Amino acid sequence: MKIQSVAVLGAGAVGSYVIWGLSHKKDIRLGVIAEGERADRLKKGGCQINDEVYRPEVWSPQEAEDVDLLIVSLKYGSLPEALESIKTIVGEHTTVMSLMNGVDSEELIAEQVGDDRVLRSLIKVASHKEENGYYFNPETTLGIIFGELAAPFDSERVQAIESLFADTGIHFRSTEFIREEIWGKFRLNVCNNLPQAILGAGVGCYSDSTHMKAISDGLRRELEQIALAKGIDMSKMAGTSGRGSAVPASARYSTLQDLDAGRHTEIDMFSGALMRMGEELGIPTPYNEYTYHMIKALEEKNDGLFDYQGERDKTTWAK
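This text gives an overview of the structure that appears in the document.

1. Considerations on the pairing of strand 2 (residues 29–33)
Working step 1: Among the 5 residues of strand 2, 4 are classified as buried, and the element is accordingly described as predominantly covered.
Working step 2: The sheet contact formed by strand 1 (residues 5–9) and strand 2 spans 4 bridges and is parallel. In the strand pairing of strand 2, V6 is matched with L30.
Working step 3: Following the chain from strand 1 across helix 1 (residues 15–22) to the adjacent parallel strand 2, one finds a crossover that is right-handed.
Working step 4: Direction of pairing for strand 2 relative to strand 5 (residues 57–59): parallel, over a ladder of 3 bridges. Each bridged residue has a counterpart across the sheet, and for G31 the counterpart in strand 5 is E57.

2. A word on the sheet that holds strand 6 (residues 69–72)
Working step 1: Strand order in this open sheet of 5 strands is 5-2-1-6-7, and the pairing throughout is parallel. Pairing within the sheet leaves two strands with one partner each, and these edge strands are strand 5 and strand 7 (95–98). Adjacent strand axes in the sheet meet at a mean angle of 25 degrees, parallel and antiparallel pairs treated alike.
Working step 2: Bridging between strand 1 and strand 6 involves 4 bridges; their strand directions are parallel. Its bridge partner being in strand 6, V8 is matched across the sheet by I71.
Working step 3: Contacts between helix 5 (residues 156–165) and the sheet are confined to strand 1, strand 6 and strand 7, with strand 7 contributing the most and set at about 65 degrees to the helix.

The rules we used
- Residues numbered from 1 in each chain as written.
- Predicted model: local features only at pLDDT ≥ 70, side-chain atom pairs only at ≥ 80, totals over all residues.
- Heavy atoms only, no water.
- Buried < 20%, exposed > 50% of the residue type's maximum accessible area, 1.4 Å probe, protein only.
- Helix = DSSP H or I, 4+ residues; strand = E, 2+ residues; numbered from the N terminus.
- Pairing = 2+ DSSP bridges.
- Right-handed = clockwise from strand over helix to strand, strands pointing away.
- Axes fitted to C-alpha atoms, helices over the stretch in contact; angles between N-to-C directions.
- Contact = heavy atoms within 4.5 Å.

Structural data, given as structure tokens:
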């Protein structure tokens, strides 16, 4: 098995890392999935990454049908409407890797295309968007982790993806414990991504404030109780998997980046998912419930719900 064509669905902060790494690989075709205005924009302007313009091909889902490797790197809220496109793309020879956050995107994709088409994976990259495109530090990026759920762990497709990423600059490794690794990243997102989004401060807040650490620890306890109830032994992860990519204390992770930009966040995939799982398992999740509702309220604030200017004569009662 040799991967000769790669399609990226979602050319944002995560997809940019893949495009950056694979654009200089001579023996593959690399394309970004897009239609309509977005396709026109990508064809005209390319993908701006670390102050360089990359020009992968731009394919419709139909043009990408039966591609060797489909990498899904969408925002969580965009996945439901993209499932039909994924079904169109995935053929007999296609392997799908989801580099999305959370712990259920692969199950949602597998329901559409079959579990045998999906190779479990995750990415750790501290990428952010600026006016001139996306930026990340290739040296400090931990990269892509992937693996089979069951033996043989050195399967033909695992070896093919290792060969694909070799000599590209992409950091990667395969693992026998991919389920635990995915939950390990989920823990990082919930505990380090969410509290700073409410505070509106860089990640240094966790080491500089006992109060922020207490909130992070509370979220962690709830997540680990749910993981344990699901039979997920997070101690099996590699030593490097307990941390994210190295970043300065001022770094603002994806949830805060979304709020800064006035976008809706992926909170449904983080605390929202833990609330649902906690209810199913009978495990209380008060830290996650508070965090969920706070971030939802911040989204409403960005939407203008609390813009009361010009309503001076309007009164309300405290409840």
